[in-house]
2 protein chains.
Amino acid sequence: MTDSGDLDAAWLPSAAFRAVGSRRSLVRAGDGPPAETVYAELADACERFGGRVVRDGGDGDAELVLEPAGDDLGDEGFALTRRGGTTTVTASGERGLLYGLFHVVRLGEDAFRGERAREVHRPALATRMLDHWDNVAVHPVMGQVERGYAGGSLFWADGRARGDLDRVRAYGRLLAACGINAVAVNNVNVHETEARLLTDRIGEVAAIADVLRPYGIRTHLSVTFAAPMVLGGLPTADPLDGAVRDWWAEATGRVYEAIGDFGGYVVKADSEGQPGPFAYGRSHADGANVLAAALEPYGGTVHWRAFVYDHRQDWRDRTTDRARAAYDHFTPLDGEFAPNAVLQVKHGPMDFQVREPVSPLIGAMPRTRLAVEVQATQEYTGQQRHVCWLGPMWSEVLRFRPDGGVSAGRLADGLVAVSNVGDDPFWTGHPLAQANLYTFGRLAWDPAADPHAVLDEWIALTHPGAPARLADGLHAVLDGSWSTYEKYTAPLGVGFMVQPGHHYGPSVDGYEYSPWGTYHFADRDGVGVDRSAATGTGYAAQYADPWAKVYESPETCPDELLLFFHHVPYGHVLHSGKTVIQHIYDTHFEGVAEVEEARRVWAGLADLVDPARHARVAERYEEQLRSAREWRDQINSYFLRKSGVPDERGRTIH
Amino acid sequence: MTDSGDLDAAWLPSAAFRAVGSRRSLVRAGDGPPAETVYAELADACERFGGRVVRDGGDGDAELVLEPAGDDLGDEGFALTRRGGTTTVTASGERGLLYGLFHVVRLGEDAFRGERAREVHRPALATRMLDHWDNVAVHPVMGQVERGYAGGSLFWADGRARGDLDRVRAYGRLLAACGINAVAVNNVNVHETEARLLTDRIGEVAAIADVLRPYGIRTHLSVTFAAPMVLGGLPTADPLDGAVRDWWAEATGRVYEAIGDFGGYVVKADSEGQPGPFAYGRSHADGANVLAAALEPYGGTVHWRAFVYDHRQDWRDRTTDRARAAYDHFTPLDGEFAPNAVLQVKHGPMDFQVREPVSPLIGAMPRTRLAVEVQATQEYTGQQRHVCWLGPMWSEVLRFRPDGGVSAGRLADGLVAVSNVGDDPFWTGHPLAQANLYTFGRLAWDPAADPHAVLDEWIALTHPGAPARLADGLHAVLDGSWSTYEKYTAPLGVGFMVQPGHHYGPSVDGYEYSPWGTYHFADRDGVGVDRSAATGTGYAAQYADPWAKVYESPETCPDELLLFFHHVPYGHVLHSGKTVIQHIYDTHFEGVAEVEEARRVWAGLADLVDPARHARVAERYEEQLRSAREWRDQINSYFLRKSGVPDERGRTIH
């Protein structure tokens with residue numbers, strides 16, 4: 001369960017356990033699965049590093065004690081103290097002990113030095129979830145994992161659950177170590193085979209849940225809103241129909257017979273062709289609540305996605321703005337959702353572009369439970385062939401205050417990421433993309449955390465005892481990588497200049513005349529989407545002040561979002577002092593230069609990194625550089641041909 | 001074998017045989033397969049329409065006599081005479097009698113009126129061939145039939161030959177009736193499964209050949225140049241290697257054991273990823289000749305495709321011009337190909353666009369046998385969802401004289417079409433696309449024929465006894481349909497403004513920054529590709545005079561090819577008197593109006609056409625109209641945004 005021949009240890013190499021494994025430890029806890037895990041982890045570490053661990057009654061000389069406490073730290077919180085040579089972790093619940101153990105692991109030798117006043121750690125968000133867009137049966141277009149860039153699925157292969165769950169077990173352990181407590185095991189686009197996981201194939205889900213439970217992780221399932229029809233043979237899936245309500249109640253009861261701590265359902269309804277309540281003239285609250293009612297007796301939750309928009313828009317229609325859709329659909333329903341229904345909202349109003357404003361829906365539904373959804377899988381951010389560490393982007397979202405204030409008021413009840421993990425030996429295809437998964441978990445636990453500190457934490461855990469040259473090099477290639485990616489791709493928040501379908505590589509007009517509601521409106525004079533209230537689609541007015549005012553005018557709109565909110569002439573001068581067109585040229589040349597520099601830095605680390613890992617990253621840098629140059633040249637050529645404005649610095653534009 | 005419940009009779013409905021079926025006929029011929037077919041056709045028709053047919057010794061009162069003649073009409077020619085109440089068809093070969101019979105069928109009652117001096121009919125081109133791009137195993141991207149728009153394959157299903165060959169038999173009969181004498185049964189992109197048709201699976205090909213033989217059709221096979229390696233286990237496929245030569249000789253010998261009249265091989269080598277002689281530093285003549293040598297003892301032919309170009313071109317590279325490739329590759333090899341090697345050249349220098357100049361390779365290799373390849377399957381011309389009758393386009397190609405003269409000098413030795421037929425009940429998906437198949441066969445027999453007369457012939461045969469309103473209506477919706485399609489798609493010969501991959505529907509920049517060598521270079525000032533010798537890629541100089549001169553200058557270049565040969569400002573005035581930009585707007589509005597009119601005409605024929613057939617066409621007109629409007633609006637918007645020039649007539653451009 002630590003380093004193994006065919007599976008990368010990621011942020012839990014055995015050396016990370018040296019400090020705890022060389023101590024005398026005492027575990028006082030129940031015998032539930034997470035407590036067993038705590039003991040087993042320590043036992044395993046002690047066997048390797050010469051320490052000792054005992055359960056319950058101890059000999060009094062323990063250097064590390066993990067024990068239950070009556071005080072209310074919540075189900076997952078823990079407290080850490082060090083006094084008189086003993087480091088003590090206390091928790092109200094077994095999961096708290098588990099998180100406490102991994103906290104001590106992260107501290108390493110620091111956990112066993114000096115004195116330490118009592119610190120309480122509690123997750124800021126109750127739900128810290130990964131959604132797997134994994135198909136059970138290989139989809140003819142989307143494959144085994146929709147938008148997956150790390151091989152096949154951890155859970156499924158060729159229509160069935162994988163027999164060997166060792167990898168799932170190792171995955172659960174990695175997730176626990178960064179604080180994730182929920183996993184949805186199948187794609188939100190629920191096809192025919194996957195629909196049946198809810199009923200006659202629930203046993204396959206239960207087997208996965210059994211393996212994840214010891215790591216404090218509850219298992220969730222994506223279901224189709226049409227399940228009462230496609231599985232139950234009912235003539236309708238109308239959420240207000242009594243037979244439909246009964247069907248969900250009965251089906252859910254059977255799910256809990258198989259999985260006592262089942263987390264709940266994830267639903268993509270009335271979205272990109274999936275069925276939903278609109279077919280029956282019902283609201284999304286009606287739809288969510290019928291599932292919530294079925295889950296309520298068992299403590300389950302329905303995650304109801306807010307990704308509802310017209311995906312068959314006519315590009316000629318300038319009055320419809322996809323960015324408005326989620327807010328327009330859902331804010332009228334505030335207060336109508338059941339207490340165990342969570343509205344799952346993408347962080348931006350569009351779809352995981354490299355730069356979007358924070359969705360105005362977040363903060364606009366005070367009487368509704370909300371989870372924010374981000375995308376760890378790099379669909380639009382380089383598909384794990386490019387280095388693009390998303391910590392700073394997610395941190396910006398999590399620190400966003402809809403009222404413009406700086407209060408630490410909680411933005412949402414949960415944070416969800418679309419997983420970037422598959423059956424790739426390095427878990428994430430690109431070894432450096434592991435940093436995204438780790439950072440996601442840590443930010444979900446503490447949204448106020450400094451992402452750069454989390455990055456360094458990941459570096460230190462993944463490369464225990466790394467010399468400064470390695471740690472600095474890793475920090476250098478990761479820390480600015482989101483900004484670098486943004487520089488060489490779609491400029492100034494305009495988004496969607498990607499190849500249709502697979503979304504890798506540039507195609508400036510690829511989505512310009514499409515039905516997807518994704519346009520930049522570039523012409524010979526200017527570019528961008530007017531979303532102002534005064535002259536545009538009115539999207540800017542969905543925000544509360546001060547944001548509504550800030551975004552309304554090109555004079556106050558932040559540069560990086562200018563083309564998302566405004567259509568401006570190429571000669572418009574940014575706050576940076578550059579014209580839009582020169583900004584486009586400059587950033588595209590800079591972005592490529594930054595990739596060249598990162599590749600050079602990585603090459604210089606060859607002596608410090610495992611050869612297979614180094615080679616995998618080096619090979620991906622070659623592709624990233626090729627692709628970045630393609631982005632640079634296509635975008636620059638496109639805008640030179642359209643604007644006719646030459647580069648001030650006379651560089652080559654084709 | 002005539003009208004059947006589930007298979008459209010196309011141009012051989014039983015009523016087309018009324019005239020011959022109600023006569024007394026005498027057939028004097030051998031007992032080879034084509035002669036048997038002649039007798040069986042007449043017997044079948046007589047049974048239906050009350051006539052009588054006898055073989056050999058007759059009673060002297062026959063109204064129709066078909067008999068051999070010693071005079072040299074060639075293997076396929078025939079003579080027709082009518083004297084004293086007897087219509088006589090004579091031929092040197094059995095296939096000539098078959099073509100003579102179908103000629104009499106086409107004449108109908110006219111064949112039995114008055115006197116008729118001896119007319120001799122001979123095909124102008126020896127090879128009149130259909131290439132099926134049918135895969136045996138379903139290809140993950142390209143499906144059962146690559147670029148097929150008429151359902152599955154006639155020959156193959158799910159990895160095997162179809163058991164039931166009735167449809168192949170009916171197909172052979174249709175082909176014989178329009179003069180086609182060769183069929184290649186598998187895709188030129190030869191994948192793993194298909195490669196084996198040459199060796200252990202030749203029996204499946206032989207079964208098809210047995211069914212086509214009675215219709216005078218020889219069967220051909222697409223093979224992979226790497227066959228000696230992938231099938232023979234040799235370490236090389238070098239055409240100058242003795243073992244390779246021996247392998248081809250032996251494999252070919254076994255093919256002829258299975259199929260005594262096997263036609264030969266079709267090869268796509270060094271083209272879009274297929275293997276070829278370049279890997280061994282050999283020329284394409286070397287490559288073709290090793291296969292030709294193997295076929296020579298048996299009278300077989302190798303069709304060697306000239307579709308060789310760099311499909312991984314860098315769009316930034318303005319010096320490489322894909323249009324030049326075939327000429328540059330092949331003209332240096334003139335005279336080096338074996339007598340039984342035929343160079344198969346696409347009619348244009350690019351790839352079956354709606355408008356291209358005739359390939360300069362045609363006419364530039366006087367010492368090489370040449371076949372011209374056209375595309376009946378409508379890959380770039382509406383995919384059998386749009387009506388696009390290609391007779392006039394093919395006729396323009398066939399009447400083209402490389403030296404600018406008007407001599408009837410033969411352009412090539414053969415004409416080949418990529419088939420548009422599948423297992424669709426109407427054969428071609430769109431019922432009106434049958435006209436393309438028929439027209440192809442008739443033009444291959446007589447390239448000088450008036451295509452419009454061929455169209456009327458097809459109309460009369462397909463709808464025997466059609467009232468004038470139906471015949472006129474069909475003529476109206478078909479005759480101008482190529483021009484209509486051209487109007488609403490890529491303008492003035494520029495080509496390739498299609499969606500990448502599937503090639504259906506508009507994407508103006510879809511191939512602009514691609515590796516495929518397909519660019520239009522539109523910027524805010526103008527559009528088109530400079531292929532002049534003076535300032536461009538020099539492609540125009542590949543033509544002999546007068547064409548080299550004509551194409552060299554925008555002043556003399558025909559309007560419809562202007563943007564193929566020249567990059568001009570949007571304000572450039574065409575010979576038509578319009579500016580380029582206004583031409584773009586006008587033709588796109590006109591094209592859509594013409595589709596609306598054709599749809600209206602078709603709707604008015606509902607009372608005269610079989611309901612299923614009428615409904616199929618009507619449904620496709622809805623899609624054609626939707627698609628044509630999309631083309632119009634995307635192209636017009638693209639060029640308005642880029643040029644900034646408003647439409648003179650103030651019509652809506654989005």
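Residues numbered from 1 in each chain as written. Chains lettered and ligands numbered in written order. Predicted model: local features only at pLDDT ≥ 70, side-chain atom pairs only at ≥ 80, totals over all residues.

## Regarding the overall build of chain A
Here is step 1 of the chain: On a plain count of helices and strands, chain A comes out with 19 helices and 20 strands.
Here is step 2 of the chain: Relative to the globule expectation of 26 Å for 654 residues, the C-alpha radius of gyration of chain A, 25 Å, shows essentially globular dimensions.
Here is step 3 of the chain: In terms of overall dimensions, chain A has C-alpha extents of about 80 × 65 × 50 Å along its principal axes.
Here is step 4 of the chain: Buried positions account for 54% of the 654 residues belonging to chain A. (Helix = DSSP H or I, 4+ residues; strand = E, 2+ residues; numbered from the N terminus. Rg over C-alpha atoms; globule rule 2.2 N^0.38 Å. Buried ≥ 20, exposed ≤ 12 C-beta atoms within 10 Å, placed from the backbone.)

## A short note on the domain arrangement of chain A
Residues and elements named next belong to chain A.
Here is step 1 of the chain: Its domain assignment divides chain A into domain 1 (14-121), domain 2 (127-462) and domain 3 (486-529 + 567-643).
Here is step 2 of the chain: Centre-to-centre separation of domain 1 and domain 2, based on C-alpha positions: 32 Å.
Here is step 3 of the chain: Those elements that provide at least two residues to the side of domain 1 that touches domain 2 are helix H2 (33-49) and helix H3 (94-107).
Here is step 4 of the chain: With five residues, H3 is the single largest residue contributor to the side of domain 1 that touches domain 2.
Here is step 5 of the chain: For the side of domain 1 that touches domain 2, the per-class residue count stands at six nonpolar, one polar and four charged. (Domains from an automatic or database assignment. Nonpolar A, V, L, I, M, F, W, Y, C, P; charged D, E, K, R; others polar.)

## Points about the interface of chain A and chain B
How big an interface is tends to be reported as the loss of accessible area on association of its parts.
Here is step 1 of the chain: Between chain A and chain B, the residue contacts involve twelve residues of the former and twelve residues of the latter.
Here is step 2 of the chain: Its residues placed into classes, the side of chain A that touches chain B shows two nonpolar, three polar and seven charged. (Contact = placed C-beta atoms within 7 Å.)

## Brief notes about helix H12 (residues 434-445) of chain B
Along an α-helix, a turn takes 3.6 residues, which lines up residues three or four apart on a common side.
Residue and element names in this part refer to chain B.
Here is step 1 of the chain: Look at H12: 17 Å from first C-alpha to last across twelve residues, which is about the 16 Å you get at 1.5 Å a residue.
Here is step 2 of the chain: Burial analysis of H12 places twelve of its twelve residues in the buried class, which makes it a mostly covered element.
Here is step 3 of the chain: Those residues of H12 that fall on the buried side of the exposure criterion are Gln434, Ala435, Asn436, Leu437, Tyr438, Thr439, Phe440, Gly441, Arg442, Leu443, Ala444 and Trp445.
Here is step 4 of the chain: Structurally, H12 contributes buried residues whose contacts are with strand E7 (127-131), helix H4 (166-178), helix H11 (391-399), strand E18 (414-418), helix H13 (451-462) and helix H14 (468-479). (Expected span 1.5 Å × (residues − 1).)

## Some details on the sheet that holds strand E17 (residues 369-375) of chain B
Here is step 1 of the chain: Taken in spatial order, the eight strands close into a barrel running E7-E12-E13-E14-E15-E16-E17-E18 (chain B), and their pairing is parallel. Shown here is a sheet whose adjacent strand axes are inclined to one another by a mean of 25°, direction ignored. (Pairing = 2+ DSSP bridges. Axes fitted to C-alpha atoms, helices over the stretch in contact; angles between N-to-C directions.)

## Considerations on the relation of the copies chain A and chain B
Here is step 1 of the chain: When chain A is fitted onto chain B, the two copies agree to an RMSD of 0.1 Å after a turn of 180° and an axial shift of 0.2 Å. The two molecules are tied by a two-fold rotation axis, judged by turn and shift.
Here is step 2 of the chain: Comparing interface residues between copies, 100% of those in chain A also lie at the interface in chain B; the contact surface is shared. (Least-squares fit on C-alpha atoms with pLDDT ≥ 70 in both.)

## A look at the packing of helix H6 (residues 202-212) of chain A against helix H8 (residues 242-258) of chain A
All names here are of chain A.
Here is step 1 of the chain: Here H6 crosses H8 at 40°, and the two axes come no closer than 9 Å. Comparing their axes, H8 and H6 come out oblique. In this structure, H6 crosses over H8, and the sense of that crossing is right-handed. Taken together, the residues of H8 that come into contact with H6 (itself represented by Ile202, Gly203 and Ala206) are Arg254, Val255 and Ala258. (Parallel < 35°, antiparallel > 145°, perpendicular 65-115°, else oblique. Left-handed = near helix turned anticlockwise from the far one by under 90°.)

## Some remarks on the pairing of strand E3 (residues 64-68) of chain B
The two faces of a sheet get side chains in turn, since along a regular strand they alternate between them.
All names here are of chain B.
Here is step 1 of the chain: Sheet analysis places strand E1 (residues 24-27) next to E3, joined by three bridges and oriented parallel. Of the residues in E3, the one forming a bridge with serine 25 is leucine 64.
Here is step 2 of the chain: Across five bridges, the pairing between E3 and strand E5 (residues 86-91) is parallel. Following the sheet pairing, leucine 66 is matched in E5 by valine 89.

## Details of the environment of tryptophan 11 of chain A
Residue and element names in this part refer to chain A.
Here is step 1 of the chain: In this fold, tryptophan 11 is placed in the segment before helix H1 (18-21).
Here is step 2 of the chain: When the C-alpha atoms of tryptophan 11 and glutamine 434 are compared, they prove to be 8.4 Å apart, with 423 residues separating the residues in sequence.
Here is step 3 of the chain: Here tryptophan 11 is in contact with Leu174, Ala177, Gln434, Tyr438, Trp458, Leu461 and Thr462, once residues within four sequence places are set aside.

## A short note on helix H19 (residues 611-643) of chain A
Here is step 1 of the chain: Compared with an ideal rise of 1.5 Å per residue, which puts 33 residues at 48 Å, H19 of chain A spans 47 Å between its outermost C-alpha atoms and is within 8% of the ideal.
Here is step 2 of the chain: Two residues or fewer after H19 of chain A comes glycine 644 of chain A, characterised by a positive phi angle close to 75°.

## Brief notes about the sheet that holds strand E5 (residues 86-91) of chain A
Residues and elements named next belong to chain A.
Here is step 1 of the chain: Read from one edge of the open sheet, six strands run E2-E1-E3-E5-E4-E6, paired in mixed fashion. Either end of the sheet is taken by a strand with one partner, and the two such strands are strand E2 (52-55) and strand E6 (116-121). Taking each pair of neighbouring strands and ignoring which way they run, the sheet shows an average axis angle of 15°.
Here is step 2 of the chain: In terms of strand pairing, strand E4 (residues 78-83) meets E6 through four bridges, oriented antiparallel. What sits directly across from phenylalanine 78, in E6, is histidine 121.
Here is step 3 of the chain: Together, strand E1 (24-27), E2 and strand E3 (64-68) form the strand contacts of H2, whose direction differs from that of E2 by roughly 155°.
Here is step 4 of the chain: Seen against the sheet, H3 touches E3, E4, E5 and E6 and runs at an angle of roughly 150° to E5.

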